[in-house]
Amino acid sequence: MGAVVGTLTMQIKQRRPSTDTADDDMEMTMASHRPEGLNQLEAQTNFSKGELQVLYRGFKNECPSGIVNEETFKQIYSQFFPHGGKEREHACAYLSLSLCSFYPAFFSSPADASTYAHYLFNAFDTAHSGSIKFEEFVAALSILLKGSVTEKLQWTFNLYDINRDGYISKDEMTDIVRAIYDMMGKYTYPVLKTDAPKQHVDAFFQKMDKNRDGVVTLDEFILSCQEDENIMRSLELFENVI
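Just so we're clear, the structure is a prediction, and the values are computed from it rather than from any experiment.

Cut-offs and rules
Residues numbered from 1 in each chain as written. Predicted model: local features only at pLDDT ≥ 70, side-chain atom pairs only at ≥ 80, totals over all residues. Heavy atoms only, no water. Axes fitted to C-alpha atoms, helices over the stretch in contact; angles between N-to-C directions. Helix = DSSP H or I, 4+ residues; strand = E, 2+ residues; numbered from the N terminus. Parallel < 35°, antiparallel > 145°, perpendicular 65-115°, else oblique. Left-handed = near helix turned anticlockwise from the far one by under 90°. Contact = heavy atoms within 4.5 Å. Nonpolar A, V, L, I, M, F, W, Y, C, P; charged D, E, K, R; others polar. Polar contact = N/O pair within 3.5 Å; in protein donor to acceptor, adjacent residues only side chain to side chain. Phe/Tyr/Trp six-rings, centres within 6.5 Å; stacked < 30°, edge-to-face > 60°. Buried < 20%, exposed > 50% of the residue type's maximum accessible area, 1.4 Å probe, protein only.

Undergrad: Got a sec to walk through the packing of helix 9 (residues 134-146) against helix 10 (residues 149-160)? Specific residues and values, please.
TA: Contact geometry of helix 9 with helix 10 gives a least axis separation of 8 Å together with a crossing angle of 125°. On the basis of the axis angle, helix 9 is oblique to helix 10. Between helix 9 and helix 10 lies a crossing whose hand is left-handed. For the pair helix 9 and helix 10, contact is made by Ala-140, Ile-143, Leu-144 and Leu-145 and by Glu-151, Lys-152 and Trp-155, respectively. Of the residues that constitute the contact of helix 9 with helix 10, the class distribution is five nonpolar, no polar and two charged.

See the structure below:
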């Protein structure tokens, strides 16, 4: 979703939001999916009406039907990480468990963002419907861009909790970390060892699994992240985007 976020936030900076709320409510009724009204979305998120207007117009440009399926989501996201490289710095704000803080390599190879985009899509698709509606999109952005530290960490925990059982297992974290490596690019300088994802997962669990029961709970996750300055800095990168 980095591509959409980047596109929409640039629009927010470059365009003056419309003052005609009625027109935007009218536009919302024309899509295949009819989102909730601006007043309701404003009450449910940390965005103003003006910001929601711009976000909706950008979303509709990318997804005219008013919803986005997983394949479209992957296509949009892959445009943000075509070659790895400097984009990794922006990715770290979304990964939160910043691999960059553990391994500050310069990623510069062809990248495959499809697997990570799959996991990210599932995190955005809170209704588990197989598609993302505008309401789900802005709800997630509201947390990632304007939420509290706890809200951002809870959202990130849910991203790593693939089977949604309330715990992060080593297998789940390994799947996400491998997807991150694929997204960043498989060839780096200096060269990464093939077992680097496992090493990072082991390091994460050593820090986060406080009671050594083999899984990370939400409380353990939040506490460990709050103790890590690099992770906390990564959460602040997009605070002033909108």
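Undergrad: Would you mind going over the environment of Asp-165 in detail, with residue names and values included?
TA: Along the chain, the position of Asp-165 falls in the loop between helix 10 and strand 4 (168-169). Separated by 52 residues in sequence, Asp-165 and Thr-217 have C-alpha atoms that sit 10.0 Å apart. Here the side chain of Asp-165 touches Tyr-167 through a polar contact of 3.0 Å, landing on its backbone nitrogen.

Undergrad: Kindly report on the packing of aromatic side chains, identifying the contributing residues and their values.
TA: By the definition in use, this model includes nine aromatic pairs. Where Phe-124 meets Trp-155, the ring centres are 5.6 Å apart and the plane angle is 80°; that geometry is what we call edge-to-face. Taken as a pair, Phe-124 in helix 8 (residues 114-124) and Trp-155 in helix 10 lie far apart in primary sequence, 31 residues in all. Here Phe-124 and Trp-155 have matching classes, each one buried. Ring centres of Tyr-160 and Phe-221 lie 6.5 Å apart, and the angle between their planes is 45°; this geometry places the pair in the tilted category. Here Phe-221 lies in helix 13 (residues 218-226) and Tyr-160 lies in helix 10, a separation of 61 residues in the sequence. When sorted by exposure, Tyr-160 lands in the same class as Phe-221, which is buried. Each member of the aromatic cluster is reached from another via a ring pair, and the members are Tyr-56, Phe-59, Phe-73, Phe-121, Phe-124, Phe-134, Phe-137 and Trp-155.

Undergrad: Before we move on, can you summarise the environment of Phe-124 with the specific residues and values?
TA: On the accessibility criterion, Phe-124 (1% relative accessible area) is buried. A sequence separation of 31 residues divides Phe-124 from Trp-155, and the C-alpha atoms of the two residues are 9.5 Å apart.

Undergrad: Break down unusual backbone geometry for me, with residues and values.
TA: Look at His-128: it is not a glycine, yet its phi comes out positive at around 55°. Relative to the helices and strands, His-128 is located in the loop between helix 8 and strand 3 (131-133). Its relative accessible area of 54% is what places His-128 among the exposed residues. Located in the positive-phi region is Arg-164, a residue other than glycine, with phi close to 60°. Counting through the fold element by element, Arg-164 comes out in the loop between helix 10 and strand 4.

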